[in-house]
Amino acid sequence: MKYAKNLTIKTTVLTVLLSLLFFKTYSQKPSWTLEVPTLNGYYVGVGKSLKSNPNFQKIALTKALEIISKQIKVNIIAENEYNTYENNSNLEETYYQNTRTKSKIKLTDYELYDKWEDENNYYVYVKLNKEKFRKISETNYNTAISNSKEKITTAEKYLADFEYEKALQFYLGASKFLEEYIDNNLIVEKQSEVLFLWNNISIAILKIFNAYSLKTVKKVYNLRKQNLFNTEFKVQTLINRGKSSKIIADVPVIFEFSNSFNFFEKNTVTSKLPLGISKNKISYLIGNKNKYLVKCRINFRKYLEKYSNYKILKKKSFDLLKVENSFSINITPLKVYVKSRKNNTNSKQFITNHLTAKNIEIVNFKKKADYIINISEKKPRVKYSKDFVFYYITINFTVYKKSKKLFSDYVKVKGVGTNYDTSFINAKENIKNKIDESLGFTILRKMK
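> I tried to follow the sheet that holds strand 1 (residues 42-50) on my own but got confused; where do I start?
Strand pairing within a sheet occurs via backbone hydrogen bonds; the two strands may be parallel or antiparallel. Strand order in this open sheet of three strands is 1-3-2, and the pairing throughout is antiparallel. Each of the sheet's edge strands pairs with one partner strand only, and the pair in question is strand 1 and strand 2 (111-117). The average undirected angle you get between the axes of adjacent strands in this sheet is 15 degrees. Sheet analysis places strand 2 next to strand 3 (residues 121-129), joined by six bridges and oriented antiparallel. By the bridge assignment, Glu-111 is partnered in strand 3 with Lys-127.

Written as structure tokens, this is what we have:
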């Protein structure tokens, strides 16, 4: 009985001790969890995360390192409000991902000084030795600068020999070493050296791209309007190498009319080997102008997409790159001779007016003509009724290319009026409408 009583007392004491230990663990919250402490010779960061998040330890650590980064005065993109993430684990996860991928400094050799947690929250205390970090950073700066200079030296040799493609690759490689330090102002004099190299690389790359050129295969295209949509318009992409040029391919070229209402089949066409040619066709053309100007330019923004992993090419100066050329399209009008027997309906005049409106030249001699249109009119028939007069006309059209007959067609119309004169006038008007609406189109389609 005494033994059982002693056992009960011991168990009770143990339970109390465990309860006190548990209470101490979760109730005695360290002061550093309430306010980020200061520590001589160290950068200090404190991070907090909800334990309901599966990545709560990483999130807390990321937040602590961000606080250190701010102390170091390094530009961190993820400038999020700390409290935004205290009560939402999903937002915390987003915060962690964004900070991890967007931070512009690598913090290494930090110490996990302390950590504390309660039922819901996890805290971490991180410190970084200032002097040690500065020495590491200076070493990293020097390594990046040295590697970049080595690439620049090689690039300059290729540039002097007009080996622009190789020079470009080495300049881009040189810029890659500096990307991490462009926004890092921990050591001002080192960052100044980085910026100096960065700007020199940028100028050199711009010089290479400005050596690109566009050569028009023809400066002037003299075409019949009917042939416009079947013609391939061509430009060639080159890179100037002193007194000579070298063909380059895979360069996107934009084709644009000076009149924005006219269009090519494709806005941008990529040049192809073996001749570095970009080809395009007209898809839409309005108006009856005799001359059009086409401007071509290299689409550098699209071209630089294949180098998208190089930060230096995102500078605004590369948006100002302009390499262009132009060519003219002269529309040579068709020459047509219209032959007609005497008639009273003005059908010759109607067809002449219609063709002239379509930018076709009417000539007075057969020998000068590309096409000949013969018009013959059958004798009209007139019928009378009690109240109306009906005037019937049939006019034949035959088209020749030089002496070769292409096709024949006819217009059959009638005019109705209360007397002969009005029925005749109405018949003539119907002939004009027929030519404008269908026959004129048929004739134009045959004349190429």
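From this point, the discussion proceeds with the structure in view.
> Where do I start with the sheet that holds strand 14 (residues 324-331) in this structure?
The strand order across the open sheet formed by five strands is 5-14-13-8-10, and the pairing between neighbours is mixed. The sheet terminates laterally at strand 5 (220-223) and strand 10 (268-270), the two strands that pair on one side only. Looking at each pair of strands side by side, their axes are set apart by 25 degrees on average, direction ignored.

> Mind showing me how you'd approach the environment of Tyr-123 here?
Within the secondary structure, Tyr-123 is located in strand 3. Taking the C-alpha atoms as reference points, Tyr-123 and Lys-48, separated by 75 residues in sequence, lie 4.5 Å from one another. Not counting residues within four places of it along the chain, the set of residues in contact with Tyr-123 comprises Lys-29, Trp-32, Thr-33, Gly-47, Lys-48, Lys-115 and Trp-116.

> It is not clear to me how the pairing of strand 18 (residues 381-384) should be interpreted in this structure. Could you clarify?
Regular strands have side chains that alternate between both faces of the sheet. Two elements, strand 18 and strand 19 (residues 389-401), share four bridges in a ladder whose sense is antiparallel. The partner of Val-382 across the bridge, within strand 19, is Tyr-391. Connecting strand 18 to the next strand, strand 19, in antiparallel fashion are four residues.

> Explain helix 6 (residues 188-209) to me, please; I cannot follow it from the model alone.
Think of an α-helix as 3.6 residues a turn; residues three or four steps apart then line up on the same face. Between its first and last C-alpha, helix 6 extends 31 Å over 22 residues, near the 32 Å set by a 1.5 Å rise per residue. Of all the residues in helix 6, the buried ones are Lys-190, Gln-191, Val-194, Leu-197, Trp-198, Ile-201, Ser-202, Ala-204, Ile-205, Leu-206, Ile-208 and Phe-209.

> Where do I start with helix 5 (residues 164-178) in this structure?
The terminal C-alpha atoms of helix 5, which comprises 15 residues, lie 21 Å apart, in line with the 21 Å expected from a rise of 1.5 Å per residue. Those residues of helix 5 lying buried are Tyr-164, Ala-167, Leu-168, Tyr-171, Leu-172, Gly-173, Ala-174, Ser-175 and Leu-178. Of the surrounding secondary structure, the elements contacted by the buried residues of helix 5 are helix 4 (130-160), helix 6 and strand 6 (233-241).

> What's the story with the nonpolar core in this structure? I'm lost.
Judged by nonpolar contacts, the single largest core of 74 residues is most densely connected at Tyr-171, Ile-205, Phe-209, Tyr-212, Leu-313 and Ile-329. The leading source of residues in this core is helix 6, at nine residues. With residues up to four places along the chain from it excluded, the contact list for Ile-205 reads Leu-168, Tyr-171, Leu-172, Ile-312, Leu-313 and Phe-318. Core analysis: the second largest hydrophobic core is formed by 26 residues, Leu-355, Val-399, Val-411 and Ile-435 among them.

> How should the packing of helix 8 (residues 347-357) against helix 9 (residues 420-446) be read in this particular structure?
Any two packed helices are characterised by how steeply their axes cross, that is the angle between the axes, and by the distance between the axes. Orientation of helix 8 relative to helix 9, taken along the N-to-C sense of each, is 45 degrees, at an axis distance of 9 Å. Considering their axes alone, helix 8 and helix 9 lie oblique with respect to each other. Judged by the sense of rotation from one axis to the other, the crossing of helix 8 with helix 9 is right-handed. On the side of helix 8, the interface is formed by Ser-347, Phe-350, Ile-351, His-354 and Leu-355, while helix 9 contributes Lys-428, Ile-431, Lys-432, Ile-435, Asp-436, Gly-440, Phe-441, Ile-443 and Leu-444. Of the residues contributing to the contact of helix 8 with helix 9, the split by class is eight nonpolar, three polar and three charged.

> Even after reading the chapter, I still don't get the packing of aromatic side chains, so can you show me in this structure?
Any two aromatic rings considered together are summarised by their centre-to-centre distance and by the angle between their planes. In this structure the tally under the stated criterion is 26 aromatic pairs. On the numbers, 5.9 Å between centres and 45 degrees between planes, the contact of Trp-116 with Tyr-123 is tilted. Trp-116 gets classed as buried once you look at its relative accessible area, which sits at 11%. For Tyr-123, a relative accessible area of 3% gives the class buried. Put simply, the rings of Tyr-221, Phe-233, Phe-255, Phe-257, Phe-264, Tyr-292 and Phe-327 touch in pairs and so form one group of aromatic residues. Sitting over the ring of Tyr-42, Lys-127 keeps its end group 4.4 Å from the ring centre. If you follow Lys-130 out to its NZ or CZ, it ends over the ring of Tyr-43, 5.2 Å from the centre.

Rules of the game
Residues numbered from 1 in each chain as written. Predicted model: local features only at pLDDT ≥ 70, side-chain atom pairs only at ≥ 80, totals over all residues. Heavy atoms only, no water. Pairing = 2+ DSSP bridges. Helix = DSSP H or I, 4+ residues; strand = E, 2+ residues; numbered from the N terminus. Axes fitted to C-alpha atoms, helices over the stretch in contact; angles between N-to-C directions. Contact = heavy atoms within 4.5 Å. Expected span 1.5 Å × (residues − 1). Buried < 20%, exposed > 50% of the residue type's maximum accessible area, 1.4 Å probe, protein only. Core = buried A, V, L, I, M, F, W, Y, C linked by side-chain atoms within 4.5 Å. Parallel < 35°, antiparallel > 145°, perpendicular 65-115°, else oblique. Left-handed = near helix turned anticlockwise from the far one by under 90°. Nonpolar A, V, L, I, M, F, W, Y, C, P; charged D, E, K, R; others polar. Phe/Tyr/Trp six-rings, centres within 6.5 Å; stacked < 30°, edge-to-face > 60°. Lys NZ or Arg CZ within 6 Å of the ring centre and 35° of its normal.

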